[in-house]
Each structure stands twice: as C-alpha cells, then as structure tokens.
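# Per-entry structural report
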Amino acid sequence: MFRGKCGLDATSIRATTILPGARGGCHAVWQTRRMHRTPQLSSHRLLHTRSMTTSAAPAASPQPTTNRTPVAVGVALTALSALMLVVMWPMFGGLWWLAPVAFVPMYVAQYRLLPRKWSFAPVAVAFGAYGFAVGMLGASIAPMALILGGALGIALLGAVIGVFQRPFSERTRYRWFVLQLPIVWLFIEVAIQDNEILGSTPWLAYRMGEVPQLVAPVSVTGTPALSFLVLVVNAAIALVLLRWLDASGRSGSAVPVPRSVLRGWAVGVLAVALVWAAAGVGITAQVRDSQGPAVRAAYVQPGLANVMPGVLVGGDDNDPRTAEQRRDDQAAHLRDLTLAAAEQGAQLVVWPEEVLEYDPREERTQWIPDLVRQTGIYLVAGFTRDFSDASQPNRALMWAPSGDIIGIYSKNKRVIMEGESFTPGTEFPVLATALGPLGMVICFDLDFPNGPVRQVTDAGARIVAAPSIDFASVADLRTTSTVFRAIENRVGIVKADLAWDSAVVGPDGQVLAGTVITDDDGGVAVAVVDLPTGPGGAPFTSYGNMPVTVLSVALLIALVVAMVVAARRERRNGGGVHSARIREARPGQN
C-alpha cells in the first residue's frame, strides 16, 4: 500500500487535509467530517505525526461563534425602526419628518448585524409596528385583540418579504437594493386602495401632508408615487451606511456594497428627490396663481349634545328628552351656529354627515329653508331616515339661498367596520351656483383617491362640501386625507364633522381652518374663512391612479423575474459568487 512522506497511507489521505510547508512536505493534519479507519502506524511514525500536529496546528477545528455585540445592536436598531414607524403617526407624536429615514435602522440590522438566517426579522418587526399604528386609528371602535391580530398578520407579511430581500441583494451585488422594498410596498398600496375597511388610510405618503409643497406632484403622479419615493430615499440612505461599514471594515459582510453601485444609486436618488421637490414648488405656485375668486366658506361642528343613538355615532341612551325634544333642541343649536357663521360673512355652510336622523324633505320641512333665506347662504347637510338602520341611504342635500333644494348626493363608500350596508350611490352631481360649480361627497369618500372627490371634480366642481362623522382615534388623520384629495384634484374642500375634526383646505393643500378634538366626548366648533375656488385641471383628475397602478404591476413583475433569474444563475454555477462568498466568510460572520 502506498504511503506518503508523513507515513500516512492512501486511506488516511482521503480523510485528511495536508498543509504543505513543513519538514517532510507536511505542516499539519486537519481532520475532516468524513472519518476513515487508518491502519496501525508504527510507534515511531505515530509519535512523529502527533508531535507535528501538536506543535504546528490546533487540536481541533474552531467552532463558528456568534458575536453577541452586533446582534444586540441589530436588535436595538430593529426596535428603533419600529418606534420611528409608530411615532411618525399623529396620534403617537406626529413626527412626520422621520418618514424618510424610519426604515434605515431596519436595513442596517437586516444586512450587517443580525445573522443571515434572521435577516427577515427586522422587516417583520417594522411591518408589525406600522400595522399596529394603523390599527390604533380604529381604537375608538375596534377591540384591541383585533388591532393586535391585524398587526401580527402584517408582521407575517413582512417576514415573508424579508426572507427574499438579503439573498437577492447579495446575488445581484445590490443592484436592486434601493428598489426591492419600495416596489413591493407600492404594489401593496395600489392593491388596497379601493377596500372599504381602511381605504387608503395606511398609505405612507400621508405622513408628508404637513408640507403641501412636497405633496403637490401627486396631482400628476398619484399619491402612491410619493410613498415609493419616501421608501427609495430610505433605501438609498441605508445603502450609503452599508457601504461605509464595508469600507471601514466594521461590517464583516461576505458581500460588500460595490462602490459603483452606491455611486449610481446615490446620484440617481438625489436627482429624483430634487426634481420632485422643485416640481412641488412649481406646481404649488401655478395652482395659487390660477385659483378663482374666494368664497366665504364655513363648517359647523355641533357636537354630541343632541345626537340620537345610531349606527355611526352613539347618542346618550339615558337622555330623558323625547326624540321630538331632541330634534327641537338640535334645530335651535344648528340655527344658532349657522347664524354665527353668517354674521362672519359665510356664503357656503356645511353641516355634518347624518346630522339629521330624518328626511328634511318629508319631516320638519320648513325650518331649514327659512334659515337659508334669512342668512342668504348655500347650505349642505347630511341626513338619514333612520340612524338605527344601517341599510338606509346616507345622503346630503344642498339648499340655495332661495330656500330650494338644488342637489342631493348619496354616499358612495360604506364604512364596513361600522356596519354600513346601504346601496352605494353612483351619481356625482355638480351644481351650478352663484359661488361657482359646487360638489358634494360624504366622509369616507375622502379616503379613496380614485373615488368621489376625483369624480365630482372631473365633472366640473371647484369646491367640494364633505359632511362627515369621524371618531376620536382617527381625528388627527382625517385632515391629512382631505389635504391629499384637495392637492390631487386642485380643488377646495370644506369638511364638517359632527364632533371631532373639521377643516377647510385650499386647492394648494393649505389648511385654512381646522379643528381636531381627540377626546371621545368631542366638541363644538365653527370656522369661517376665505376659500379660493380651485382651478382644477390636474392630470390626476383625468387619469386617477391608473398609471401608477400599471407601473406598480410592471415593476413587481420585473422584480420577480430578476429574482428568479438570479437564483437560477446561482444554481447553474454551482452556488455562484453569492454562495462562494458566504462560504469564504470567517466563522461567526453574518
């Protein structure tokens, strides 16, 4: 049997790795996983082999270990992203300016600090935190178990998305890094935009509503494009940090970010962000220059004192007054508030959704015509025939100063979580008035970009009246959705809520007057301001979100194809560069 210079036979050679460089051509003997029985060596040769092994190499292969410090930092950064994604919502602090960086700590934890097998966890936690914040908007009507269950479901969705992110980035040397999550997020946003549970409430772009100039380009692109841009900015900042960690030798990554990839994305994202900002300033200036004559517009927020128990809002069941006494008191209260608005010069006054639980065309038919004739105003008021019947139509009427009813609108979007089951309205009338063309929508209609505000503006309305009933936990957010509908369509909106949040928003997205009350008991408010007539003519009004919807589908298809191609190429190459680099990483590295 053949024996090598170290006295090892052919059987032992198959079971060992011989490192050259020492006496006799052998430096050390490292055992492999596959062990074979070696024939008995002479005592002299056995001692010689043992002495070389002891003096020149460790007794056993080092076992991979995990450095706990990077893991702890990764957990902390994951928690930081989760916190930022919550506190940027109005009810948790309103730190909207965190939106462009809120995902950055998540990326660093995912790609450089946590073990590769746990790289999905930061995405799951971030999605779960975001879902929790969205769910808490319904805290006034939804049980906490439902909110937490929804957040868990969104976290699981994030986990599934996170499983694919890091492997694909490493296979493609980060060429898709900046677009991966934004593409998926964009597709989700356009997929849920017409649901009657949340509407567009979860959209990330709404966090930017505090700066109308930054929002203005959505009148061309649609709002999901702004969400996409915010996420792209997050990813670009994260890519810069990953490259810095790689260049400084602190990341220990098996697949570092190439300098050329960083340079290309950094320049590209910066250019797009600057173009977007410049376009926003230009569009805002154009809208303001082309606005029509101002109308003295008012909202009347009467509070809960005279509300009957019903579907959308619960009145006081223990109130000793009869239904007729409540109606009398309500009429007196609404009359007083409306007279106060008229004294300030109001020309258009909006009352809330379902403020009347009877049809004023059939019952108590005279007091409202008398009021509008007395004040010379246009009045919009919401009503339903029966608060307790969720299948009853939810409608709004408009009275002219003559006392005549000149328009009726039926709510198009039902609040499924509050039990509404009426047949949605399908008509979007525009009323020619001395104030200009006026339109009407009702409450939840404001949460649908492709919905009634766009439809009525496309039909010619330049000011939209929006009777509403919200609830305390969502009060902070509802003004934001009004701002976005106004900007998208370049139209003025007067939103009158029953007790919590009312607003007058100009065609440029400026909140000209607003009331937000987050207490469950609500409150009373009246505001009168000069509201410019909107110029209309926004590209979004003509096309809606169709272009961005088509784009989202095309981008998702391209992403999936790229992922499949990258994975197949790696398998065809026997593991490819990605797997080879992973195998070459030092023990304990991510």
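For the structure, check the block above.
If you're wondering where the values come from, they're calculated on a predicted model, not measured in any experiment.

## A word on the packing of helix H3 (residues 68-87) against helix H5 (residues 121-136)
Contact geometry of H3 with H5 gives a least axis separation of 8 Å together with a crossing angle of 20 degrees. Between H3 and H5, the angle is such that the two are roughly parallel. As for the relative orientation of H3 and H5, their crossing is right-handed in sense. Of the residues in H5, those in contact with Thr78, Ala82, Leu85 and Val86 of H3 are Pro122, Val125, Ala126, Ala129, Tyr130 and Ala133. Of the residues belonging to the contact of H3 with H5, the class tally is 9 nonpolar, 1 polar and no charged.

## A look at a nonpolar patch on the surface
Where nonpolar side chains cluster on the molecular surface, the patch consists of Ile141, Leu146, Ile197, Leu198, Ile416 and Met417 and spans about 500 Å² of accessible area. Topologically, Ile141 is positioned in the loop between H5 and helix H6 (144-171). Since its relative accessible area comes to 38%, Ile141 is described here as partly exposed.

## Section: empty space enclosed by the protein
By the definition in use, this model includes 3 cavities of 30 Å³ or more. In this model, the second largest cavity occupies a volume close to 50 Å³. Together, Pro302, Gly303, Ala305, Asn306, Val307, Gln330, His333, Leu334, Val355 and Leu498 line the second largest cavity. Split by residue class, the lining of the second largest cavity holds 6 nonpolar, 4 polar and no charged.

## Concerning the pattern of salt bridges
Scanning the entire structure with this criterion turns up 25 salt bridges. The partner of Arg327 in a salt bridge is Glu363, and the shortest N-O contact between them spans 3.0 Å. Here Arg327, found in helix H12 (residues 323-343), pairs with Glu363, found in the loop between strand S4 (348-350) and helix H13 (367-375); they are 36 residues apart in sequence, far enough to count as distant. What makes Arg327 buried here is its relative accessible area of 11%. Here Glu363 falls in the partly exposed class, since its relative accessible area comes to 34%. One salt bridge connects Arg364 with Asp328, and the closest N-O pair in it is separated by 2.7 Å. Here Arg364 is found in the loop between S4 and H13, whereas its partner Asp328 is found in helix H12, with 36 residues between them in sequence.

## Comments concerning the sheet that holds strand S10 (residues 463-468)
In spatial order, the strands read S8-S9-S10-S11-S12-S13; together these 6 strands make up an open sheet with mixed pairing. Strands with a single pairing partner mark the edges of an open sheet, and in this sheet they are strand S8 (430-433) and strand S13 (511-516). The sheet shows a mean angle of 20 degrees between the axes of neighbouring strands, direction not considered. Both S10 and strand S11 (residues 492-497) contribute to a ladder of 6 bridges, which runs parallel. Bridging from a neighbouring strand, Val464 pairs with Ile493 of S11. Each of S11, strand S12 (501-505) and S13 is contacted by helix H15 (residues 475-489), which is oriented at about 20 degrees to S12, the strand it contacts most.

## Section: the layout of surface pockets
Each pocket or cavity is described by its volume, and for the second largest pocket that value is around 850 Å³. Lining the second largest pocket are 39 residues; nearest its centre among them are Val134, Gly135, Leu198, Thr201 and Pro202. With 6 residues, H6 is the largest single contributor of residues to the lining of the second largest pocket. Grouping the amino acids of the lining of the second largest pocket by side-chain chemistry returns 27 nonpolar, 5 polar and 7 charged.

## Points about H3
Relative to the 28 Å expected for 20 residues at 1.5 Å per residue, H3 spans 29 Å between its end C-alpha atoms, a close match to the ideal helical length. Where H3 is concerned, the buried positions are Gly74, Thr78, Ser81, Ala82, Met84, Leu85, Val86 and Val87. Looking at the packing, one finds that the buried side of H3 touches helix H4 (104-113) and H5.

## Considerations on H6
Because each turn of an α-helix spans 3.6 residues, side chains separated by three or four positions in sequence point in the same direction. Look at H6: 41 Å from first C-alpha to last across 28 residues, which is about the 40 Å you get at 1.5 Å a residue. One or two residues past the end of H6 sits Arg173, with phi positive at roughly 55 degrees.

## Some remarks on the nonpolar core
By size, the foremost hydrophobic cluster in this structure holds 86 residues, and its most contacted members are Phe103, Tyr107, Tyr174, Phe177 and Leu226. It is helix H10 (residues 223-247) that contributes the most residues to this core, 14 residues altogether. With sequence-adjacent residues up to four places away left out, Leu226 is seen in contact with Ala205, Met208, Leu214, Val215, Val218, Trp276 and Phe484. Counting residues in hydrophobic clusters, the runner-up holds 27 residues, among them Ala396, Leu431, Leu438 and Met440.

## So, the pairing of S11
Among the 6 residues in S11, 6 count as buried, and that is most of the element. Both faces of S11 are covered, namely the face carrying Gly492, Val494 and Ala496 and the face carrying Ile493, Lys495 and Asp497. After leaving S10, the chain enters H15 and then returns to the sheet as S11, a path that is right-handed. As defined by bridge partners, S11 adjoins S12 across 3 bridges and the pair is classed as antiparallel.

## Topic: the sheet that holds strand S7 (residues 405-410)
If you trace the 6 strands from one edge of the open sheet to the other, you get S7-S6-S5-S4-S3-S14, paired in mixed fashion. Every other strand in the sheet has two partners, leaving S7 and strand S14 (525-532) as the edge strands with one partner each. Strand-to-strand twist of the sheet, defined as the mean angle between neighbouring strand axes without regard to direction, takes the value 20 degrees. Pairing of S4 with strand S5 (residues 378-383) involves 3 bridges; the strand directions are parallel. What sits directly across from Val349, in S5, is Leu379. Each of strand S3 (294-301), S4 and S14 is contacted by H12, which is oriented at about 155 degrees to S3, the strand it contacts most.

Scoring rules and cut-offs
Residues numbered from 1 in each chain as written. Predicted model: local features only at pLDDT ≥ 70, side-chain atom pairs only at ≥ 80, totals over all residues. Heavy atoms only, no water. Axes fitted to C-alpha atoms, helices over the stretch in contact; angles between N-to-C directions. Helix = DSSP H or I, 4+ residues; strand = E, 2+ residues; numbered from the N terminus. Parallel < 35°, antiparallel > 145°, perpendicular 65-115°, else oblique. Left-handed = near helix turned anticlockwise from the far one by under 90°. Contact = heavy atoms within 4.5 Å. Nonpolar A, V, L, I, M, F, W, Y, C, P; charged D, E, K, R; others polar. Patch = residues over 30% accessible without salt bridge, like charges linked within 9 Å, V, L, I, M, F, W, Y side chains within 5 Å. Areas by Shrake-Rupley, 256 points an atom, 1.4 Å probe, with all protein chains shown as cover. Salt bridge = Lys/Arg side-chain N within 4 Å of Asp/Glu carboxyl O. Buried < 20%, exposed > 50% of the residue type's maximum accessible area, 1.4 Å probe, protein only. 1 Å grid on protein atoms, 1.4 Å probe; cavity = no way out; pocket = protein on both sides within 12 Å on 5 of 7 lines; lining within 4 Å. Points joined across faces, edges and corners; volume = space filled by probe spheres on them. Pairing = 2+ DSSP bridges. Expected span 1.5 Å × (residues − 1). Core = buried A, V, L, I, M, F, W, Y, C linked by side-chain atoms within 4.5 Å. Right-handed = clockwise from strand over helix to strand, strands pointing away.

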